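# Coordinate inspection notes
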Amino acid sequence: MKIRNSQRWISIALGLVVVGILVLALGGYLSAVGDFVLGSVLQAQEWLTVRFQTFQDFYNAPTDLVRLRQENAELQAEVAKLQTEVIDLQQQVSEVELLTALLEFARGQRENEYMAASVVFRDPRPFLKYVVIDVGSDDGILAGMPVVGPEGLVGRVDAVTANAARVQLVTDPDSSVNVRIQPSDTTAVLLGSITSDLSLDLIPIDATINAGDLVLTSGLGGNFPANILVGQVASVRSSATSLFQQAAIQPAVDLNRLDIVLVVVNFQPIDTEPLIPEITEGQ
Amino acid sequence: MAGLTAVVLITISMVLQNSIVVRLQMLEGAADLVLLVLVSWVMVSEHKQHWQFGLLAGLLVGLSSAIPWWIPALTYAGFTLGITLVQRRIWQVPIWLLLTATFFGTILILGVEIFYLWVTGVPLDLVEVFNVVILPSVVLNMIAVLPVYGLVGEIAKRSFPREVEV
């Protein structure tokens, strides 16, 4: 009975101590003690955690290294793949830009029907300015059809196979195109050369030609449709003794960087040779 | 095996010529990779009928060019026959023969083409042709022939190792 009473008093005393501590804590009188205790515990925990992590890292390091190397290799492969995709996309962007320019050109020349073709390769001989394109007679391409680029005239189809066609560029030394100079509306003949330079010949001596004038196809001779831009007059040469003026031309199309061209498929060249009278000896 | 290697080499050189080399111009001249491979092959190969490879190379050039196919076929075959005959007499100095053959081969092949174009009425200024086409082409060929010779020699060595007398 006596023992029970003493335990009760101990319990009451402990309860009063706990209540007192709670009252003191709620009153803010124990914050310094709490901070000290919590800080010590946290420091001890941190010390222990760091040591444990170090041990764990040391223990797991070989497997992590292998895993990291694998991840690194995978990421490098991913980067390489993405770089390839970026290059592909850049190529597609440049192709789209080129095709947009070609489309705009085609919209500007509504009377013509076009077929796009890629340039496969250039003529390997240095004297000849020809390119080979990837459309041929199977696609409806015929010899003599004009070929244009985004900015203007490129040349004409010279020979055709089933799947390819050879195009004689306007810069070929054997090429001649009848043209018209604007705004003076003077006719002339556009000639190619071994150096890929374009020049105009047979310009009447009394015609007024200035640098910057536009050169367009005239349609005369029946080899090309009229009003296709060829380039601009760069300089004019004339002398008092010559019958005609000559001019150097800056071509509208960069013929050294041809990638995609348009073949004018609804134009049939006219063969005027039977109309030219034969000159026989004695005449 | 040697013949097959030569055919493959010539075909590859033709493709490279049309797609890459022809775009690497000095003025209007360009190296002739087919000619260089042909000359190098004659120097390193023990095959006796080199003119056949010359004919093949000429036909390939003729088929991919606007020039009539028989002109390069005849010039390449004739040129190969010529250097084969010369090689049998001065075989001790292959590098000298290599450079001489490249020099005269370039001039011969371009000269025949100029003659054809002149006959067919294409207007050509011969001085301009010499300055902007022939001279740069000769220079490029002379520069490129030694690396091509080294490469072709290495391929030939691996394709048909020479017999060693013991």
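Residues numbered from 1 in each chain as written. Chains lettered and ligands numbered in written order. Predicted model: local features only at pLDDT ≥ 70, side-chain atom pairs only at ≥ 80, totals over all residues.

We now examine the interface of chain A and chain B. On the chain B side, the residues contacting the 16 residues of chain A number 24 residues. The class makeup of the residues in the side of chain A that touches chain B is 8 nonpolar, 2 polar and 6 charged. (Contact = placed C-beta atoms within 7 Å. Nonpolar A, V, L, I, M, F, W, Y, C, P; charged D, E, K, R; others polar.)

The next point concerns the packing of helix H3 (residues 50–64) of chain B against helix H4 (residues 70–89) of chain B. All names here are of chain B. H4 packs onto H3 with a crossing angle of 155 degrees between their chain directions and a minimal axis gap of 7 Å. With respect to H4, the axis of H3 lies roughly antiparallel. Every pair of crossing elements has a handedness; the one defined by H3 and H4 is right-handed. In this structure, H3 contributes His50, Trp51, Phe53, Gly54, Leu55, Ala57, Gly58, Leu59, Val61 and Gly62 to the contact, and H4 contributes Trp70, Ile71, Pro72, Ala73, Leu74, Thr75, Tyr76, Ala77, Phe79, Thr80, Leu81 and Thr84. Partitioned by chemical class, the residues of the contact of H3 with H4 number 15 nonpolar, 7 polar and no charged. (Axes fitted to C-alpha atoms, helices over the stretch in contact; angles between N-to-C directions. Helix = DSSP H or I, 4+ residues; strand = E, 2+ residues; numbered from the N terminus. Parallel < 35°, antiparallel > 145°, perpendicular 65-115°, else oblique. Left-handed = near helix turned anticlockwise from the far one by under 90°.)

Residues and elements named next belong to chain A. Within the closed barrel, the 6 strands sit side by side as E1-E2-E5-E4-E3-E12. Their pairing is antiparallel. On average, each strand axis in the sheet is inclined to that of its neighbour by 45 degrees, with strand direction left out of account. Here strand E4 (residues 153–160) runs beside strand E5 (residues 165–169); their pairing, made up of 5 bridges, is antiparallel. When the sheet's bridge partners are listed, Arg156 is paired in E5 with Gln168. (Pairing = 2+ DSSP bridges.)

Let's shift gears to helix H6 (residues 126–159) of chain B. The end-to-end C-alpha distance of H6(B), which contains 34 residues, comes to just 43 Å, noticeably less than the 50 Å that a straight helix rising 1.5 Å per residue would cover. Of all bends in H6(B), the biggest is about 35 degrees, found at B:Val145, and the proline B:Pro147 comes one to four residues later. (Expected span 1.5 Å × (residues − 1). Bend = angle between axes of the 7 residues up to and from the residue.)

So far we have only geometry, and geometry alone does not tell us how the molecule works.
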